[in-house]
Amino acid sequence: MVQKKIPMRQCVGCGASRPKKELVRVVKNAAGDISLDPAGKKPGRGAYLCPDPACLAKAQKKKALERAFGAIPPEVYESLQTQLAQAARPEGTKE
Ligand SMILES: [Zn+2]
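Residues numbered from 1 in each chain as written. Predicted model: local features only at pLDDT ≥ 70, side-chain atom pairs only at ≥ 80, totals over all residues. Heavy atoms only, no water.

Considerations on the coordination of the zinc ion
Then comes step 1: For the zinc ion, the protein coordination sphere consists of Cys11 (SG), Cys14 (SG), Cys50 (SG) and Cys55 (SG), at 2.2 to 2.3 Å.
Then comes step 2: One way to put it: the 4 donor atoms around the zinc ion meet at angles of 105 to 113°, and that makes the site tetrahedral.
Then comes step 3: Donor residues for the zinc ion sit on one chain with the sequence pattern C-x2-C-x35-C-x4-C.
Then comes step 4: Residue cysteine 11 is classed as buried on the basis of its relative accessible area of 2%. (Donors = N, O, S within 2.8 Å, 3.2 Å for Na, K, Ca; no water. Tetrahedral: all angles 85-135°; square planar, octahedral: opposite > 155°, others 65-115°. Buried < 20%, exposed > 50% of the residue type's maximum accessible area, 1.4 Å probe, protein only.)

Digging into the nonpolar core
Then comes step 1: In terms of nonpolar packing, the biggest core is built from 22 residues, with Leu49, Leu65, Phe69 and Leu80 touching the most fellow members.
Then comes step 2: Listing elements by their share of this core, those giving two or more residues are strand E3 (24-28), strand E4 (34-37), strand E5 (45-49), helix H1 (53-62), helix H2 (64-69) and helix H3 (74-88).
Then comes step 3: Not counting the four nearest positions on each side in its chain, leucine 49 is found in contact with Cys11, Val12, Gly13, Leu23, Val24, Val26, Cys55, Leu56, Ala59 and Leu84. (Core = buried A, V, L, I, M, F, W, Y, C linked by side-chain atoms within 4.5 Å. Helix = DSSP H or I, 4+ residues; strand = E, 2+ residues; numbered from the N terminus. Contact = heavy atoms within 4.5 Å.)

Re the sheet that holds E4
Then comes step 1: Read from one edge of the open sheet, 3 strands run E4-E3-E5, paired in antiparallel fashion. Among the strands making up the open sheet, the edge pair consists of E4 and E5. Looking at each pair of strands side by side, their axes are set apart by 30° on average, direction ignored.
Then comes step 2: In this sheet, E4 lies alongside E3 in antiparallel orientation, the contact comprising 4 bridges. Bridging from a neighbouring strand, valine 27 pairs with serine 35 of E4. (Pairing = 2+ DSSP bridges. Axes fitted to C-alpha atoms, helices over the stretch in contact; angles between N-to-C directions.)

Notes on the pattern of salt bridges
Then comes step 1: For the coordinates displayed, the defined rule picks out 2 salt bridges.
Then comes step 2: Glutamate 22 is the salt-bridge partner of arginine 18, the closest N and O atoms lying 3.4 Å from each other.
Then comes step 3: Owing to a relative accessible area of 27%, arginine 18 belongs among the partly exposed residues under this scheme.
Then comes step 4: Aspartate 37 is paired through a salt bridge with arginine 25; the nearest N and O atoms lie 2.8 Å apart. Placement of aspartate 37 in strand E4 and of arginine 25 in strand E3 is noted, with a sequence separation of 12 residues between them. (Salt bridge = Lys/Arg side-chain N within 4 Å of Asp/Glu carboxyl O.)

Here it is in structure tokens:
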């Protein structure tokens, strides 16, 4: 039986290990900007989240992203929540 090895990553919110492509990457670039990286291609330090705003909320509570990126202003969390809600929406349902 040939099984392709799937790269697994851990969600910093709920701690679940899931295939990398099922998670959303959060990235901090060289300029210090933190944003969502749905394509997983932006350069910089990354952390992974389930595409679920609840996991971002958990990560915020645990300060998991602070551990990865350093201090994060509340407005960054707000922006990530918005971006995550959009990313979590299935393809084709965007207005
Ligand atoms: Zn999660």
